[in-house]
There are 2 protein chains.
Amino acid sequence: MVIENVRPELDGGRFAAKGSLGEPVQVEADIFADGHDLVSAVLRWRGPDQEWREEPLKPVVNDRWAGEFEPRQAGLHDFDIEAWVDHFLTWEHELERRLEAGQNVAVELEAGALLVEAASRRAPTRDAQQLRRQAAALRGRGATRAARSLRLRQLMGRHADRSLSTCLERPLTVKVDPERARSSAWYELFPRSASPDTKRPGTLRDVETRLPYVRSLGFDVLYLPPIHPIGHSFRKGRNNTVSATPSDVGSPWAIGSEAGGHKSIAPELGTLKDFRQLVRSARRQGIELAMDYALQCSPDHPYVKEHPEWFRHRPDGSIRYAENPPKKYQDIYPFDFESEDWRELWDELLSILLFWCEQGVRTYRVDNPHTKPFAFWEWAIARTQAEYPGTIFLAEAFTRPKVMYELAKLGFTQSYTYFAWRQQAWELKQYAQELFTPPVCDFLRPNFWPNTPDILTEQIQKGGPRMSALRFVLAATMSASYGIFGPSFERVEVTPLVPGKEEYLDSEKYQVRHWDGAAEPPLAGLIRKVNAIRAAQPALRHDRWYRQLATDNEMLFAFLKTAPGGAAPVCVVANLDAENTQRGWIEPPVAIDGDYDVVDLLNDAVYRWRGAPNWNFVELSPSVTPAHVLRVGAPVP
Amino acid sequence: MVIENVRPELDGGRFAAKGSLGEPVQVEADIFADGHDLVSAVLRWRGPDQEWREEPLKPVVNDRWAGEFEPRQAGLHDFDIEAWVDHFLTWEHELERRLEAGQNVAVELEAGALLVEAASRRAPTRDAQQLRRQAAALRGRGATRAARSLRLRQLMGRHADRSLSTCLERPLTVKVDPERARSSAWYELFPRSASPDTKRPGTLRDVETRLPYVRSLGFDVLYLPPIHPIGHSFRKGRNNTVSATPSDVGSPWAIGSEAGGHKSIAPELGTLKDFRQLVRSARRQGIELAMDYALQCSPDHPYVKEHPEWFRHRPDGSIRYAENPPKKYQDIYPFDFESEDWRELWDELLSILLFWCEQGVRTYRVDNPHTKPFAFWEWAIARTQAEYPGTIFLAEAFTRPKVMYELAKLGFTQSYTYFAWRQQAWELKQYAQELFTPPVCDFLRPNFWPNTPDILTEQIQKGGPRMSALRFVLAATMSASYGIFGPSFERVEVTPLVPGKEEYLDSEKYQVRHWDGAAEPPLAGLIRKVNAIRAAQPALRHDRWYRQLATDNEMLFAFLKTAPGGAAPVCVVANLDAENTQRGWIEPPVAIDGDYDVVDLLNDAVYRWRGAPNWNFVELSPSVTPAHVLRVGAPVP
């Protein structure tokens, strides 16, 4: 027996594949043997601390077999495949062909009876009795009918001869996460910009008062950039100027001052008590608070004095600041993960995660993980999740694809992506194909962001509210997880520092902003609606069943999302042209034969679509809507 | 360091990849590390009983690296990849960027000097002295020039710090075969049809007199269907009739009679001495004799009496004959490879191979290997090749693709393919794409046959000489190995037993045929010419560098073959329409900028083709030629 090309299998079992509650784990493999005999196979699996169970595996095409199991709890699940040459099935199949040809089958019936008797010796008493009766029937009158009985097949399936069966060399592993690992809507907010009072910066308490707004928009994760004390040395001024004035507040990513480091709250934002209160209050409102985990220090960080050995030194004795020559980041010291004292350093860095978990945090956005060792992440994530199961890590690694993939494989729950720069239809299609199909969909969960504090694309700068709306709908419907950096996003404040570059003018990274909360932001209505649709439509909360739909107009980008368990499919048709009305034909999203109704969940419009193989006509005007988000209904009777 | 997606790697190293003399082994891998430091990597390899050597590995694109080594002898070769973070290259790269930005680099030059000094401590005396001088230069005047010196880079490359390097978990293996494993032209012939005298059947001596003809056609393998004694029981008559008359000669695949079994020569064909003489004579003329290895017995085979335990029995005590219900093959008993006495059986079956190797045979065509255990083949092939290195096994497995692939992986040298049934352009393209690219080209060597004694396609039945000519040119130019079943092929004797079925009328499988040797067969001239082209053009004797060429006419099928080492590329354009003239445009086969000449090696016609990006016009009339076989020349000055 050969069992190969198993899916999901990552690097020969080196890493666990990703699964989540509410999603069956679909297993496939090539299974075959030499010779012409028929083969049987089962999928074996077990949840954490459970017994092995079995599910059927069925041949699909060309020796490819498929089956699935439905995890019932989070945690590591093992699966295995057991396959064997099935002499009974072979006998049954050949007997049928002999009977059709009108051959004398007396000898074959006796051979069958012997197989059934052998099975009876493997079976417990009750089944054994039945099997012996079946064997007798194969020797009596009506033997042909007995040979064709469903009961016989069931009994023989239950007591198949597996003495020469083959399994995988070792079981494979799927890490099953809670549903929120698979699907989430993130909102990013600088606490110091959250003040309702333009005379003072915002605090954690101000953030707490913003929670109802965030919730009203429909987000379920609120991500705060670092909230730790900010260093003074080489502090950056407004708009990333090199020399700060005394009134400049500095970048939150320059972590650490005499007021404390990674386990402290910046005094201007509040206290640890405020923070715990914010976490609790958010959770009560259905929002998880996400912390920034940024492993770097300002020169004023307590670690620098206490543990100079944790940093790299230059030949002149000074500590090496961060550099990407010729650029220098003198306000930041990276850690030396290969320092002689690396064990103590790694333990301390892990203790930061555990400290904030203790304060109630279960979600981390990790800053630039690709500049730290792979081995550290594998260890730190596993250790954190061992103590705080289900803790989520979002990798902010905008780097080469293979490095991003490696981080996802070794434990990151979700990953930022190149979505912001995938703008043409062919780019979006190619990227969706890459992310939403195996092997990538087995280990990487994309999180689509149309903007971040570092990414204001030229497309959004120039595209006005219509383009922001389009990019929002694409992010929130293509990917089960997505996020926006607000309030600039929903207010469509898109002025760059330098036209064509991706930095915001007056970026919140370097200064306090005040956002007037009185008027409804222009995109708030759309965001509210789309998040409500996501909440109501399971199809939008899964990525594995994404299917591109062909259109006859490159400006119309169409895809279908479905979910297991009979949820309605959702077909999205977006107009990639934020300026002009576009019209065209869309390939049938479903194989329904007759007509059926599709409902645009954005405006409740109903269209009657013609069944396959007909294509359907769509016209989208950007002054009205960036897209149709269509729930596909049942056939019209 | 991460090293993954290595090629060639079969099932995690479970099987050796295939290589051959005259072809570099091209190795690729994804190689990357966390962080921004530059990486270096080398390809390590060793031939049988040799020391490890190193070749460069270079980045290609997107963290993919490539390199190659050139095996100098046949046998198992190991290779490994060693990669490390290269602090010197990183220093050099960053220094350059600092210098470009006009920064003060005093501290960096000192850091570089320390790196060079460290290298001097790893180097042998002479290089160590030079490195110390280089370190001093980095501290002196002209330090910048010293930092940029090629000599420094060479020395540092030679003595890089590999103390933290990463290798593959275990080296991978490539089995390097002699060139004839990669490229061969087979001619199949029934000895009993080789008689020049219509009054008697042919013998091995008659075959010997046919050798000059086979050689004149340009073939280098002569394959004989089984030459063992043929059984009498249930012997098949002419045209596969169930009851034979006393004059019927039987199928050579019903092996064994009172005259002997798999180690005997059928008395009507001659003696063992005749056979040894034939093998020697063929080899002198540049032809290898291929034996048929067909593991089955007629009921009259000596094994049946001597070892009834080697066969499966039915409940009534009779031996199970071969069946594919409802079809019965009562003239053949398959072996029971899982018999209690399997060790003795397997040893005996291996001894057949060793016996014929002793008589000088080094090439086997294996009949239906997919109906015998995979494990048997892996063992028997390895054992035979251990005693008789370079012995070739051609797998005649027309079965499901994955089973064919498994046989190739576990040791078969070459494999029959579906070529005969790939007839439309899209089918040929898809199949070429599958066979000639990784992973398949790393383990399977296709052997294309337009016909066999069992395969007379409807296309050839109906297509006349022009279709046979077309299929011949496709087989002989697309694939480095191919074969024909003659003399029916070159004589275009294509009458089927039943129109539309693939059996020949008056098949040589069941009766003696006499082929009049007087007249030149209609296809002989073309065959002679194409085999001469194959001999002169290395490009046609490699499969790894096959490239499909686009045309604007689906009836024109075009591809390019190239070979390593500067051989001329050969561009083939075939007219798949054997009835009508077809014309159209062919995409540029090479990236030559200006014009260049292509020479049709079939008729010496010269065409001046325009350089890329121009397409070139082709017109092919089937009454003149089935194809252009164009040697691509150098640019016209």
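All figures in this text were calculated on a predicted structure; none of them were measured in a lab.

Visitor: Describe the interface of chain A and chain B, naming the residues involved and giving the relevant values.
Guide: Listed by partner, the interface residues are 42 residues for chain A and 42 residues for chain B. The three residues of chain A that bury the most area against chain B are D34, P325 and K402 of chain A, which together make up 17% of that side's buried surface. Taken together, the connections running from chain A to chain B amount to 10 salt bridges. Residues E4 of chain A and K409 of chain B are paired through a salt bridge, measuring 3.5 Å at the closest nitrogen-oxygen approach. The interface formed by chain A and chain B holds 20 residue pairs in polar contact (both at pLDDT 80 or more) in total. Elements supplying a minimum of two residues to the side of chain A that touches chain B: β1 (2–7), β3 (25–32), α1 (87–100), α2 (106–122), β15 (322–324) and α12 (401–409) of chain A.

Visitor: Could you give me a rundown of the packing of aromatic side chains, with the residues and numbers involved?
Guide: Counting across every chain of the model gives 89 aromatic pairs over all chains. For the pair W186 of chain A and Y223 of chain A, a centre-to-centre distance of 6.5 Å together with 65° between the ring planes defines the contact as edge-to-face. In this pair, W186 of chain A sits in strand β11 (residues 184–188) while Y223 of chain A sits in strand β12 (residues 221–223), placing the two residues 37 residues apart along the sequence. The burial state of W186 of chain A is the same as that of Y223 of chain A; both residues are buried. Their ring planes at 85° and their centres at 5.6 Å tell us that F398 of chain B and W421 of chain B sit as a pair that is edge-to-face. Separated by 23 residues along the polypeptide, F398 of chain B in the loop between β19 (392–396) and α12 (401–409) and W421 of chain B in the loop between β20 (414–416) and α13 (425–436) bring together distant segments of the chain. Exposure remark for F398 of chain B: the relative accessible area of 27% places this residue in the partly exposed category. Using a relative accessible area of 27% as the deciding quantity, one classes W421 of chain B as partly exposed. Directly above the aromatic system of W52 of chain B lies the positively charged group of R44 of chain B, at a separation of 4.9 Å from the ring centroid.

Visitor: With reference to specific residues and values, describe α12 of chain A.
Guide: Residues and elements named next belong to chain A. The buried fraction of α12 is high, at 8 of 9 residues. Of all the positions in α12, only K402, V403, M404, Y405, E406, L407, A408 and K409 are classed as buried. In the stretch just after α12, G411 is the one whose phi turns positive, near 145°.

Visitor: Mind laying out the pattern of salt bridges, listing which residues take part and the relevant values?
Guide: Note on pairing: side chains with opposite charge can pair once their charged atoms come close. Using the criterion set out here, one finds 102 salt bridges over all chains in the structure. R528 of chain A is the partner of E520 of chain A in a salt bridge, and the nearest nitrogen-oxygen pair spans 2.8 Å. For E520 of chain A, a relative accessible area of 47% puts it in the partly exposed group. Here R544 of chain B makes a salt bridge to D442 of chain B, at a shortest N to O gap of 3.1 Å. With a gap of 102 residues between them, R544 of chain B in the loop between α16 (524–536) and β23 (546–549) and D442 of chain B in the loop between α13 and β21 (446–448) connect regions that are remote in the sequence. Sharing partners across several salt bridges, the network here consists of R7, E23, E179, R182, D442, R541 and R544 of chain A.

Visitor: Can you break down the sheet that holds strand β21 (residues 446–448) of chain A residue by residue, with the values?
Guide: Residues and elements named next belong to chain A. Here we have 8 strands rolled up into a closed barrel, ordered β11-β12-β13-β18-β19-β20-β21-β22, and parallel in their pairing. Averaged over all pairs of adjacent strands, the angle between strand axes in this sheet comes to 30°, irrespective of strand direction. Pairing of β11 with strand β22 (residues 481–485), which is carried by 5 bridges, proceeds in the parallel orientation. Looking at β22, one finds that A185 is bridged to Y482.

Visitor: I'd love a proper account of the relation of the copies chain A and chain B, names of residues and values included.
Guide: By a simple turn and slide, chain A fits onto chain B: the slide is 0.0 Å along the axis, the RMSD is 0.1 Å, and the turn is 180°. These values place the two chain copies in the arrangement generated by a two-fold rotation axis. When each C-alpha of chain A is compared by its distance to the rotation axis, G12 of chain A comes out closest, at 3.6 Å. Of all interface residues in chain A, 100% are interface residues in chain B too; the two copies therefore contact each other through one and the same surface.

Visitor: Break down the packing of helix α1 (residues 87–100) of chain B against helix α2 (residues 106–122) of chain B for me, citing the residues and quoting the values.
Guide: Residue and element names in this part refer to chain B. Direction vectors running N to C along α1 and α2 enclose 160°, while the axes themselves pass 11 Å from each other. Between α1 and α2, the angle is such that the two are roughly antiparallel. Helix-helix and strand crossings are classified by hand; for α1 and α2 the assignment is left-handed. Across the interface between the two elements, H87, F88, W91, L95 and R98 from α1 touch E108, L109, A111, G112, L115 and V116 from α2. When its residues are assigned to classes, the contact of α1 with α2 shows 7 nonpolar, 2 polar and 2 charged.

Visitor: How would you explain the pairing of strand β10 (residues 172–177) of chain A if you had to name every residue and give the values?
Guide: Working note: regular strand, side chains alternate between the two faces of the sheet. Residue and element names in this part refer to chain A. Of the strand pairs in this sheet, strand β2 (residues 17–20) and β10 are connected by 4 bridges, and their pairing is parallel. Looking at β10, one finds that S20 is bridged to D177. Where strand β8 (residues 75–85) lies against β10, 5 bridges are found, and the strand directions are antiparallel. The residue bridging F79 from the neighbouring strand is L172, located in β10.

Visitor: Outline the packing of α2 of chain B against helix α3 (residues 125–139) of chain B, listing residues and values.
Guide: All names here are of chain B. In the contact formed by α2 and α3, the axes pass within 8 Å of each other and the chain directions differ by 170°. By the angle between their directions, the pair α2 and α3 is classed as roughly antiparallel. Here L109, E110, G112, A113, L114, V116, E117, A119 and S120 of α2 come into contact with α3, specifically with A128, L131, R132, Q134, A135, L138 and R139. Classifying every residue of the contact of α2 with α3 gives 9 nonpolar, 3 polar and 4 charged.

What counts and how
- Residues numbered from 1 in each chain as written.
- Chains lettered and ligands numbered in written order.
- Predicted model: local features only at pLDDT ≥ 70, side-chain atom pairs only at ≥ 80, totals over all residues.
- Heavy atoms only, no water.
- Contact = heavy atoms within 4.5 Å.
- Buried area = accessible area lost by both parts, 1.4 Å probe.
- Salt bridge = Lys/Arg side-chain N within 4 Å of Asp/Glu carboxyl O.
- Polar contact = N/O pair within 3.5 Å; in protein donor to acceptor, adjacent residues only side chain to side chain.
- Helix = DSSP H or I, 4+ residues; strand = E, 2+ residues; numbered from the N terminus.
- Phe/Tyr/Trp six-rings, centres within 6.5 Å; stacked < 30°, edge-to-face > 60°.
- Buried < 20%, exposed > 50% of the residue type's maximum accessible area, 1.4 Å probe, protein only.
- Lys NZ or Arg CZ within 6 Å of the ring centre and 35° of its normal.
- Pairing = 2+ DSSP bridges.
- Axes fitted to C-alpha atoms, helices over the stretch in contact; angles between N-to-C directions.
- Least-squares fit on C-alpha atoms with pLDDT ≥ 70 in both.
- Parallel < 35°, antiparallel > 145°, perpendicular 65-115°, else oblique.
- Left-handed = near helix turned anticlockwise from the far one by under 90°.
- Nonpolar A, V, L, I, M, F, W, Y, C, P; charged D, E, K, R; others polar.

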